[in-house]
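Remarks on the overall topology
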Amino acid sequence: MTQEEKLKIEEDIVEVLKTVYDPEIPVNIYDLGMIYKIDLQPDGVLDMDMTFTSPSCPAADFIYEDVRTKVESVTGVKSANINLVFEPTWDQSMMSEEARFELGFD
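Let me begin by describing the structure that accompanies this report. All of these numbers come straight from a predicted model, not from anything done at the bench.

In the segment running from glutamate 87 into proline 88, the intervening peptide bond is cis, with an omega of 0°. Within the element layout of this structure, proline 88 appears in the loop between strand E3 (79-84) and helix H3 (97-102).

Attention shifts here to the packing of helix H1 (residues 3-17) against helix H2 (residues 60-72). Look at H1 against H2: their axes get within 9 Å of each other, and the N-to-C directions meet at 145°. The chirality of how H1 crosses H2 is right-handed. Contacts between H1 and H2 pair Ile13, Val16 and Leu17 from the former with Val67, Lys70 and Val71 from the latter. Here the residues of the contact of H1 with H2 are counted per class, giving 5 nonpolar, no polar and 1 charged.

What follows deals with the sheet that holds E3. The strand order E1-E2-E3 describes an open sheet built from 3 strands, whose pairing is mixed. For this open sheet the edge positions go to strand E1 (35-40) and E3, each flanked by a neighbour on one side alone. In this sheet, neighbouring strand axes are inclined to one another by 15° on average, regardless of whether the strands run parallel or antiparallel. Judged from the 6 bridges that link them, strand E2 (residues 45-50) and E3 form a sheet pairing that is parallel. Bridge pairing links valine 45 to serine 79 in E3. Across the face of the sheet, H1 comes into contact with E1 and E2 while running at roughly 145° to E1. Sheet strands touched by H2: E2 and E3. Its angle to E3, the strand with the most contacts, is close to 150°.

With 13 residues, H2 should reach 18 Å at 1.5 Å per residue; the first-to-last C-alpha distance of 18 Å fits that figure. Turning to H2, its buried residues number three or more, namely Ala60, Ile63, Tyr64, Asp66, Val67 and Val71. In an axial view of H2, the angular spread of the buried residues amounts to 160°, which keeps them on one side of the axis. Those residues of H2 that are exposed and aimed more than 90 degrees away from the buried face are Asp61, Phe62 and Thr69.

It is worth spelling out the environment of methionine 94 at this point. Structurally, methionine 94 can be placed in the loop between E3 and H3. Judged by its relative accessible area of 26%, methionine 94 falls in the partly exposed class. C-alpha of methionine 94 to C-alpha of serine 79: the two residues are 15 residues apart in sequence and 27 Å apart in space. Dropping the residues within four chain positions of it, methionine 94 is found in contact with Asp31, Leu32, Gly33, Tyr36, Pro88 and Thr89.

What counts, and at which threshold
Residues numbered from 1 in each chain as written. Predicted model: local features only at pLDDT ≥ 70, side-chain atom pairs only at ≥ 80, totals over all residues. Heavy atoms only, no water. Helix = DSSP H or I, 4+ residues; strand = E, 2+ residues; numbered from the N terminus. Axes fitted to C-alpha atoms, helices over the stretch in contact; angles between N-to-C directions. Left-handed = near helix turned anticlockwise from the far one by under 90°. Contact = heavy atoms within 4.5 Å. Nonpolar A, V, L, I, M, F, W, Y, C, P; charged D, E, K, R; others polar. Pairing = 2+ DSSP bridges. Expected span 1.5 Å × (residues − 1). Buried < 20%, exposed > 50% of the residue type's maximum accessible area, 1.4 Å probe, protein only. Arc of directions from axis to C-beta.

Scope: geometric values only; no functional claims are made or implied.
Structural data, given as structure tokens:
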């Protein structure tokens, strides 16, 4: 896989992540800042770190499986290792400007 191919696949991963929503928040998880790492290996294995806005998120299982299904559907991704992490702790400063505006924080 060339560097250009890798970048294109990682862009496609970001695009599908922008279709994943917490049912209680009208902003996608990528713009919320819940994705900490996207690292596509040359063999097509994706290593990704993600978090939730709260460790006790009631929709955690749904969101996690939606992420897995969608990133594994991206052409070029052979499999995904999705690590659920809580360090650093998520906070509102991790949101994109668009998310902050949408949620009325700016």
